[in-house]
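For reference, the chains in residue letters:
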Protein chains: 2
Amino acid sequence: MRTGALRSKMAVVAIAIVMAASIIGVPRAAADEGMWTFDNPPLKQLKERYGFTPTKEWLDHIRLSSVRFNDGGSGSWIGAEGLVLTNHHVARGQLQKISTPQKDYAKDGFYARTQAEELKSPDLELNVLMSTEEVTSRVESAVKPGMDEKKALDARKSEIAKIEKESLDATGLRSEVIPLYNGGEYWLYRYKKYTDVRLVFAPEQQIAFYGGDPDNFTYPRYDLDIAIFRVYENGKPVHNDHYLRWNPKGPADGDLVFVSGNPGSTDRLDTVAQLETLRDYAYPMTLKAEKRRLEVLNRYSSLGAEQAREAANLKFGIENAFKAQTGENEGLNSKAIFTKKEKEEQEFRARIDKDPKLKAEYGDAWSQISAAEKKLVANYKTLRFRSISRSFASLPGEALTIVRYVAEVKKPDGERLDGFHDAELESLQFELFSPAPKYPALDEKLLADSLQESLEQLGPNDPFIKAALNGKSPADAAAEIMKGTKLGDAAFRKSLIEGGEQAVAASTDPLVVFARRIDPLLREQRKWLEDNVISIETSAGEKIGKARFAVYGKSAYPDATFTLRLSYGTVKGYPMNGTIAPSRTTIYGLYDRAQSFDNKAPFDLPERYEKGKDRLTLSTPLDFVSTADIIGGNSGSPVIDRNGDFVGIIFDGNIESLVGRFVYDEGANRAVAVDSAVITHALRALYDAGPLADEIEGKMASAVK
Amino acid sequence: MRTGALRSKMAVVAIAIVMAASIIGVPRAAADEGMWTFDNPPLKQLKERYGFTPTKEWLDHIRLSSVRFNDGGSGSWIGAEGLVLTNHHVARGQLQKISTPQKDYAKDGFYARTQAEELKSPDLELNVLMSTEEVTSRVESAVKPGMDEKKALDARKSEIAKIEKESLDATGLRSEVIPLYNGGEYWLYRYKKYTDVRLVFAPEQQIAFYGGDPDNFTYPRYDLDIAIFRVYENGKPVHNDHYLRWNPKGPADGDLVFVSGNPGSTDRLDTVAQLETLRDYAYPMTLKAEKRRLEVLNRYSSLGAEQAREAANLKFGIENAFKAQTGENEGLNSKAIFTKKEKEEQEFRARIDKDPKLKAEYGDAWSQISAAEKKLVANYKTLRFRSISRSFASLPGEALTIVRYVAEVKKPDGERLDGFHDAELESLQFELFSPAPKYPALDEKLLADSLQESLEQLGPNDPFIKAALNGKSPADAAAEIMKGTKLGDAAFRKSLIEGGEQAVAASTDPLVVFARRIDPLLREQRKWLEDNVISIETSAGEKIGKARFAVYGKSAYPDATFTLRLSYGTVKGYPMNGTIAPSRTTIYGLYDRAQSFDNKAPFDLPERYEKGKDRLTLSTPLDFVSTADIIGGNSGSPVIDRNGDFVGIIFDGNIESLVGRFVYDEGANRAVAVDSAVITHALRALYDAGPLADEIEGKMASAVK
């Protein structure tokens, strides 16, 4: 379900255009709605609906037991000896990176019987949120009276970089300033980070992602979507006081549960003008591009087993995004939903306009955003297709990062492009210097198709096309660029970074040359976007954020920002297709579905499940749903009971939840989780992993050495 | 799924108003569409799509192996010794009728280990279609040039009664003239009828109707919706050459299958004007009445276990109708579907209007129907609420039948009300004189609520209200009428019929008195409806039927008429709620669903299934779906493979098929059946009914004596 898997790859488009467009107000939360920051938990709702009041200790324990997976997902500490649990599909990128043509851990799974057998992830960074601190007034005071929006944006960014750097220097913690309530508040988040993360257990992909793309984003489900890592520091497993005790029974129907994780992004507070851009431009173009690239991946996969293996993770990621975005887009195209959005905005604006003071301060924000969106839309095609990020190719993006890196780090911190501030460099290098295998032949096909699409859309005389193709056809250009590059070698990438501007300027590596050719144009475009859209919408967004506080108070939650949030809800079925979906499934249902489809892919069972059936208690709960409000990025989040114990792990939302990007509907929006009961049962009964199950259940923590 | 259960009870409203309004043309069938008469099977489609050409012998064998259940459903012969299989829910009325406060066979099921133990149904009549013969020209020639529509209708009805009586006298077979293609053709159908029908086997209702109202009309399903009877003649089991051989494996995914049964009614050929009446008047009023009556049934059921037992079958029937009609109504309210209907009609009319000869003959039919519908709609409320059939009460309806019976039989056959022609009397008496128990206390509550509703709608001064209430409140009137009546006694009913007009006129039984008071008004209303709507629409319908033949030829099937039809299709899953529904389910799925709902009603399992689980092969196919085109009345129809062998029994349609009353969509319309494999498996493994399973599988036919 998560879109997180593609976060980094889609970042340029998604963040520069789609996300920058999502900067607005705060509605009041009703029902089990909301992805709440830990500084502002929904105490009133919890008390009224569930008679539950979390203590500070309870909240701190949950926060410190939660883990962010920096390549796009969530997880939790589940043992005193550094055990961390996430989804197989969150771990999938790492599973592919540690695999070889000879051994496909993503597909076949893995179990380390001893710590010595554990497999180190090449570039996985985990973050634990150690503290948060509001810095709104400091960021705001950087904007001086009389500054125009462009200057104001620069001032904010510069101040944010400064705050982050100071915090990093003072604490050694990864430090990030996050705009919440769309700029109504700014918060400094500090993370402890871990980079020595080793794989302990993963099941077969066929059971982790049972039902494949058809069953993805649906329910009832029958997936064991888990992977278990052990985190090390200084060569030893991390001893952690804050981890979740294991409830071996899972939750009961009707139970109150919590989800603690990192939802990626929502657009619930967008203005109608911004939603129109998404509906009429962003989604149609994105879906079309994804469809094309999926065809490239399918052609590439058909060349052989190794090619299929190389393409597998990206193919999953794009299919996942395509299905999610199709649902989101249908939501936007639903008259009922869009009308609701329009009505909400009208009511909000009417309340602002009624009060002369509020009107004077905030009343013009919507028309400012509309005007910016008009400019955005007028240039949308150009912005969209002057880009290589839509290619989903890995190395071309890294080449561009390297070209920019050496230029940016020479500037004062506050003036750099986002992503290259001092506080960000360590994590960026960790990613750039990863020893994980690259697939230049696959990248070539993806880049060629993306350039071909740009050519078709922009025509041969567009300056980006001229710079990118250099007179060749897209296929020839991509072949020349990718076949000759040494950028697949981590040492070469490192040498360029260390050699600085001079080394990069002197490089004759065709991919570096290509990146140098297109960089100026992309920077220019980025600047245009900041000057004409982002700066305006940041200022206007702040106004609307404050206007919401003025009208509704701080009774709500901000849009998702891939930072830690607490959701809550009830384990509960829902009306589905004329009948009722139950709150949980059992292992019986897995065998039913496999047999119902004659055990044909994607409904086939791993051999272990065919042979080991009699060792299973088929009535064991497998997956369950709750009303907790989640979205992509929440994948791997623990589901927690009142006692703060682990009862499950989020891995998906149902099809009805896809419109959750824009509106939450308690009637049918459901978060789908693996039940804690099946995890230890399967480890023992099928995977001969009793010691691991015992460790998770706290039965022999001391025995694991 | 069937609406058949309520056929007789809803007949006055449904047939007089809704069905009379469904008298039009014939579209060409595409895909696996169509409920085909055996005289015009879809040979072209079967050959093109499946390379299959049924022989005359194949068709005759299927026809003679098919059984109509006259209280509203279908079935098939499945053994040489008179075994007939239908659905539990088709048998449910009979199961309730043979039950007592001490023994509830509908709920608990039944198995006769010997023929001596079999339980005779009090009033079940089965029909087997022996022959069909077109009589269009004879019916048409009764209408003389210059007759107006009223006279024409009388002439047609009189001729039809004559044809039926002649056929009955000549053959001894039940004889019915059926208008097909909405009067484009008239056919004489002759049935062999059986009235000594004894229960052999029924499972517990909880497995026959597993999932209850929520799962009804949905899929995936896990129901064993079967009941087995043995048919006797002259005190001995019927020896029948035509019965279906049992395929013990059930069908495979992708198999071609056939369904032979009696679909009740469809409205695919209605004019747009008629559909508008359904959408804007008929459905809203019907649904509202059903909802009220369900509340009455729920209140009555809450009085005690015996009251709940008495109300059970009717409650099922109304809930079933309510859910089906809700889906149908949503279909009519779908802009896409209604626009399609409008477009089809426009195209058809354009083709007629293009040809001066066709235009002169048929072109005015649509405006005639529109005009009749306008009159209907103007009087709709009165027609609807001057009625007691909406009450669903049993005895008041019988009282009215008795009052009319004695009056009608004195007239010449051709001039009688429909339902009282000579050829119909034997079956009518069989029903009227049934020894089945009646529930006057329940009838009283239903009648009171129905009269209350009429009072609210029509006001106290309406002549029907005055006649019905006789100055009392609805509750008091119903109490007086029902508490004093002896009509619950079959012998008393018989004495009235045998005593004729004099006995009925002299009776002081309060229910008879009530029926005498309201009959004149209802007759007057019926006459108004015939003169102003039915006669016009019958003539116009015939025109449109003929116009379709002129334009499209006889390449299509007529609307359903509760007569024998052949459907065909593929065993095939379909896109459902974001993923794919498989073509079949297995016993695993039953246990999954029960466990997923904590074994709570209506998802609880009968005790036998809890205890006997280990004797079952859980991978056995349970239910399956096919694209065959069916509707209510098809319940109990055999599903047959190419070889003419039995592979399953229809018991429902999926939620997507409810709009099938108006349009067929091969993409998602599915007929749901019990797999033949699970039937004999369950009989052997759970019901200790090996001999019955052997008899069904033809393994020991001779051993059953």
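Residues numbered from 1 in each chain as written. Chains lettered and ligands numbered in written order. Predicted model: local features only at pLDDT ≥ 70, side-chain atom pairs only at ≥ 80, totals over all residues. Heavy atoms only, no water.

Some details on the sheet that holds strand β19 (residues 646-653) of chain B
Residues and elements named next belong to chain B.
Part 1 of the reasoning: Read across the sheet, seven strands follow the order β13-β12-β18-β19-β20-β17-β16 without closing on themselves; strand pairing throughout is antiparallel. Two strands bound the open sheet, and with one partner strand each, they are β13 (565-570) and β16 (584-586). Across the sheet, the mean angle from the axis of one strand to that of its neighbour is 30°, orientation sign disregarded.
Part 2 of the reasoning: Judged from the two bridges that link them, strand β12 (residues 256-261) and strand β18 (residues 638-640) form a sheet pairing that is antiparallel. Pairing of V259 across the sheet is with V639, part of β18. (Pairing = 2+ DSSP bridges. Helix = DSSP H or I, 4+ residues; strand = E, 2+ residues; numbered from the N terminus. Axes fitted to C-alpha atoms, helices over the stretch in contact; angles between N-to-C directions.)

Some words on the pairing of strand β8 (residues 185-194) of chain B
All names here are of chain B.
Part 1 of the reasoning: Buried residues dominate β8, accounting for eight of its ten residues.
Part 2 of the reasoning: As paired strands, strand β6 (residues 126-134) and β8 are joined by eight bridges and run antiparallel to one another. Paired with E134 across the two strands is W187, which belongs to β8.
Part 3 of the reasoning: Inspection of the sheet shows strand β7 (residues 174-180) paired to β8 by seven bridges, in the antiparallel sense. Across the sheet, the residue bridging to L180 is E185, located in β8.
Part 4 of the reasoning: Hairpin connection, β7 to β8: the antiparallel pair is bridged by four residues, and Y181 has positive phi, about 45°. (Buried < 20%, exposed > 50% of the residue type's maximum accessible area, 1.4 Å probe, protein only.)

What to know about the sheet that holds strand β20 (residues 671-675) of chain A
All names here are of chain A.
Part 1 of the reasoning: Taken in spatial order, the seven strands line up as β13-β12-β18-β19-β20-β17-β16 in an open sheet, and their pairing is antiparallel. Bordering the open sheet on either side are β13 (565-570) and β16 (584-586), each of which pairs with just one other strand. Within this sheet the neighbouring strands show an average axis-to-axis angle of 30°, counted without direction.
Part 2 of the reasoning: Bridge analysis of β16 against strand β17 (residues 621-626) gives two bridges, and the strand direction is antiparallel. Looking across to β17, one finds that T586 is bridged to P621.
Part 3 of the reasoning: Packed onto the sheet, helix α23 (residues 587-596) meets β16 and β17 and runs at close to 70° relative to β16. (Contact = heavy atoms within 4.5 Å.)

What to know about the packing of helix α20 (residues 474-483) of chain B against helix α22 (residues 510-552) of chain B
Residues and elements named next belong to chain B.
Part 1 of the reasoning: Contact geometry of α20 with α22 gives a least axis separation of 6 Å together with a crossing angle of 125°. Judged by the inter-axis angle, α20 sits oblique to α22. Residues E480, I481 and M482 of α20 form the contact with α22, whose participating residues are P510, L511 and F514.
Part 2 of the reasoning: Here the residues of the contact of α20 with α22 sort into five nonpolar, no polar and one charged. (Parallel < 35°, antiparallel > 145°, perpendicular 65-115°, else oblique. Nonpolar A, V, L, I, M, F, W, Y, C, P; charged D, E, K, R; others polar.)

Re the interface of chain A and chain B
Part 1 of the reasoning: In this complex, chain A contributes 32 residues to the contact, which on the side of chain B involves 32 residues.
Part 2 of the reasoning: Both sides together, the interface formed by chain A and chain B hides about 2,600 Å², and carbon and sulfur atoms give 51% of it.
Part 3 of the reasoning: Summed over the shared surface of chain A and chain B, the number is two salt bridges.
Part 4 of the reasoning: In this structure, R584(B) engages D598(A) in a salt bridge whose closest nitrogen and oxygen atoms are separated by 2.2 Å.
Part 5 of the reasoning: Where chain A packs against chain B, one counts 24 residue pairs in polar contact (both at pLDDT 80 or more).
Part 6 of the reasoning: At the level of elements, α9 (212-215), β15 (579-581), β16 and α23 of chain A are the ones that each hand at least two residues to the side of chain A that touches chain B. (Buried area = accessible area lost by both parts, 1.4 Å probe. Salt bridge = Lys/Arg side-chain N within 4 Å of Asp/Glu carboxyl O. Polar contact = N/O pair within 3.5 Å; in protein donor to acceptor, adjacent residues only side chain to side chain.)

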